[in-house]
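Fold and geometry: a report
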Amino acid sequence: MLISRRKLRGFIYIDQLSPQVKESAIKAALAQCANVVSVEFIVNYTIPYEIPCAALVELNDDVQAKAAVDLMNDFPFIIGGMPRPVKATHAKPEMFHDRPPCPGLKKDFCWVKQGDKDYEAMQKLKNLAKRQDSENMALIKKLLEEEKELANRQQELLDGNCKKYDMLETLVQNGTMKNLAQRYGINLDD
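Note that the structure is a prediction, hence the values are computed from the model and not measured.

**What to know about the layout of surface pockets**
Computed from the structure, the second largest pocket encloses a volume of approximately 160 Å³. Along the walls of the second largest pocket sit Glu40, Phe41, Ile42, Val43, Asn44, Tyr45, Cys53 and Ala54, which together make up its complete lining. Sorting the residues of the lining of the second largest pocket by element identifies strand S2 (36-43) and strand S3 (52-59) as the ones contributing at least two each. Per-element accounting of the lining of the second largest pocket gives the leading share, four residues, to S2. Tallied by class, the residues present in the lining of the second largest pocket amount to six nonpolar, one polar and one charged.

Okay, here's the thing in structure tokens:
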């Protein structure tokens, strides 16, 4: 099935999502400007973690898609009451997994044995791939640690704000606020 640009009307691609983002968070964030039909998280299969860092989101039409892209690029994505920067673009055919291979592309595979003319080059490529894989894993682990640290800091800020509001609410309910207002000559009715 060939995916054309016409079929992609109403699809957006959201990148740099936090691992904590769920479908409900995306639907709630886009509810201001669009009706979300479906959300498909894109998992990076090159790492042993199932971390959604991107999503393809289907909206009702292209007008809503444009509004959603503008909204996501102009304002931070809110997760747990804290802003998170994400990137949003219109979807392209290359983003879909059921896209057919390029016509005329032929793939040839063969086993390379020690002593073959291409053995040394393949050995270098293999070592390079292993090194890149280990570097990629170290980077992903660091990103996960930073994500967890950021989530903890954001949770601490939210907890601190909740405690402040609870304290203010207690002061208002037990009459302390009125007593202080009378003592300092402040009219709370204004």
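**Considerations on helix H3 (residues 119-173)**
Three or four residues apart is the spacing at which side chains of an α-helix point the same way, because the helix has 3.6 residues per turn. The end-to-end C-alpha separation of H3 is 80 Å, in line with the 81 Å expected for 55 residues at 1.5 Å each. Residues of H3 that are buried: Met137, Ile140, Glu147, Ala151 and Gln154. Trailing H3 by a residue or two, Gly175 shows a phi angle of about 90°, which is positive.

**Concerning the pattern of salt bridges**
Under the criterion given, the structure shown has five salt bridges. Arg131 is the partner of Glu135 in a salt bridge, and the nearest nitrogen-oxygen pair spans 3.4 Å. Of this pair, Glu135 and Arg131 both sit in helix H3, four residues apart, which is roughly one turn of that helix. Taking relative accessible area as the criterion, Glu135 reaches 46% and is therefore assigned partly exposed. On the basis of relative accessible area, Arg131 is assigned to the partly exposed category, the value being 48%. Between Glu149 and Arg153 there is a salt bridge whose closest N-O contact spans 3.8 Å. One end of the pair, Glu149, and the other, Arg153, are both in helix H3, four residues apart, so they sit about a helical turn from each other. Glu149 gets classed as partly exposed once you look at its relative accessible area, which sits at 47%.

**Describing helix H1 (residues 23-30)**
Within H1, burial applies to Ile26, Ala29 and Leu30. Axial view of H1: buried residues confined to an arc of 90°, hence all on one face. Counted as exposed and oriented over 90 degrees from the buried face of H1: Ser24 and Ala28.

**Let's talk about the pairing of strand S1 (residues 11-15)**
Counting buried residues along S1, four of its five residues qualify, which places the element largely inside the surrounding structure. Examined bridge by bridge, S1 and strand S6 (residues 87-90) share four bridges and lie antiparallel to one another. The residue of S6 that forms the bridge with Tyr13 is Thr89.

**Topic: the side chain of Gln64**
Take Gln64: it is sitting in helix H2 (residues 62-74). Among all residues touching Gln64, those that are not within four sequence positions of it are Cys33, Ala34, Asn35 and Leu59.

**Side note on the UniProt feature "coiled-coil region" (unreviewed entry) in the protein**
Under the UniProt annotation, "coiled-coil region" (unreviewed entry) lies at residues 122-161. With 100% helix and 0% strand, residues 122-161 has its two end C-alpha atoms placed 58 Å apart.

**Looking at the environment of Ile47**
Relative to the assigned elements, Ile47 resides in the loop between S2 and S3. Since its relative accessible area comes to 10%, Ile47 is described here as buried. Measuring from C-alpha to C-alpha, the distance between Ile47 and Asn136 comes to 8.3 Å, with 89 residues separating the pair along the chain. Excluding residues within four positions of it along the chain, Ile47 makes contact with Asn136, Met137 and Ile140.

**Comments concerning the nonpolar core**
Residues Ile12, Ile14, Ile26, Leu30, Val57 and Leu59 are the most contacted members of the largest nonpolar core, which totals 21 residues. Going through the elements one at a time, S1, H1, S2, S3 and H2 are the ones with two or more residues in this core. Setting aside chain neighbours within four positions, we find Leu59 in contact with Gly10, Ile12, Leu30, Ala34, Asn35, Val36, Val37, Gln64, Ala65 and Ala68. The next biggest cluster of nonpolar side chains, apart from the first, holds five residues, and it includes Tyr13, Ala54, Leu56 and Ala91.

Quick notes on the rules
Residues numbered from 1 in each chain as written. Predicted model: local features only at pLDDT ≥ 70, side-chain atom pairs only at ≥ 80, totals over all residues. Heavy atoms only, no water. 1 Å grid on protein atoms, 1.4 Å probe; cavity = no way out; pocket = protein on both sides within 12 Å on 5 of 7 lines; lining within 4 Å. Points joined across faces, edges and corners; volume = space filled by probe spheres on them. Helix = DSSP H or I, 4+ residues; strand = E, 2+ residues; numbered from the N terminus. Nonpolar A, V, L, I, M, F, W, Y, C, P; charged D, E, K, R; others polar. Expected span 1.5 Å × (residues − 1). Buried < 20%, exposed > 50% of the residue type's maximum accessible area, 1.4 Å probe, protein only. Salt bridge = Lys/Arg side-chain N within 4 Å of Asp/Glu carboxyl O. Arc of directions from axis to C-beta. Pairing = 2+ DSSP bridges. Contact = heavy atoms within 4.5 Å. UniProt positions renumbered as here; feature names shortened; annotations may be inferred. Core = buried A, V, L, I, M, F, W, Y, C linked by side-chain atoms within 4.5 Å.

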